[in-house]
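Analysis of the macromolecular model
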Amino acid sequence: MITLQAGDLLKYVPTATVGKVQDVKEENGKTWVKLDFTGLYYDASYLIPADQSEYIEVSYKERKTVYEGSMKSIDDVKKESEEVDISEFMPSGGG
């Protein structure tokens with residue numbers, strides 16, 4: 001196994017997530033690497049070196065803020081469900 005250092009650029013093969021190493025720890029005989037892009041730890045056996053062109057420097061907090069800003073509130077969903085005209089969806093014919 002290669003020596004991993006903070007700042008190394010790696011790709012998690014199963015999801016193609018690319019990030020810079022923030023932390024490396026060993027637990028139960030496995031090496032875990034924390035990537036900055038998600039803030040999650042990944043099993044080092046599934047990580048490969050990544051090219052700089054694959055890395056998008058967006059922090060987890062920035063992505064979370066953008067995502068949460070696009071979510072509808074429960075009140076918005078309730079209001080939309082009240083405004084639906086279900087007469088268009090009534091079954092015709094039958095018995």
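As shown above, the structure is provided for reference.
Keep in mind it's a predicted model, so treat the numbers as computed, not measured.

The subject of this paragraph is the sheet that holds strand β5 (residues 47-49). Pairing is antiparallel in the open sheet, where five strands are placed in the order β4-β3-β2-β1-β5. Each of the sheet's edge strands pairs with one partner strand only, and the pair in question is β4 (41-43) and β5. Each strand of the sheet is rotated relative to its neighbour by a mean of 50°, with strand direction disregarded. Direction of pairing for strand β2 (residues 17-27) relative to strand β3 (residues 30-35): antiparallel, over a ladder of six bridges. Residue pairing in the sheet places D23 in a bridge with K34 of β3.

Among the nonpolar cores identified, the biggest contains nine residues, and these are L4, L10, Y12, V21, V33, L35, Y42, A44 and L47. Secondary structure elements with two or more residues in this core: β1 (9-12) and β3.

A separate point is the side chain of D43. Tracing the backbone shows D43 in strand β4. Looking at D43, the relative accessible area reads 11%, which means it is buried. A polar atom in the side chain of D43 sits 2.9 Å from the side chain of S45. Contacts of D43, omitting those with residues within four sequence positions, involve K30, T31 and W32.

Relative to the assigned elements, K34 resides in strand β3. Looking at K34, the relative accessible area reads 25%, which means it is partly exposed. C-alpha separation for the pair K34 and V24, spaced ten residues apart in sequence, amounts to 6.4 Å. Leave out the neighbours within four places in its chain, and K34 touches K20, V21, Q22, D23, G39, L40 and Y41.

Thresholds applied
- Residues numbered from 1 in each chain as written.
- Predicted model: local features only at pLDDT ≥ 70, side-chain atom pairs only at ≥ 80, totals over all residues.
- Heavy atoms only, no water.
- Pairing = 2+ DSSP bridges.
- Helix = DSSP H or I, 4+ residues; strand = E, 2+ residues; numbered from the N terminus.
- Axes fitted to C-alpha atoms, helices over the stretch in contact; angles between N-to-C directions.
- Core = buried A, V, L, I, M, F, W, Y, C linked by side-chain atoms within 4.5 Å.
- Buried < 20%, exposed > 50% of the residue type's maximum accessible area, 1.4 Å probe, protein only.
- Polar contact = N/O pair within 3.5 Å; in protein donor to acceptor, adjacent residues only side chain to side chain.
- Contact = heavy atoms within 4.5 Å.

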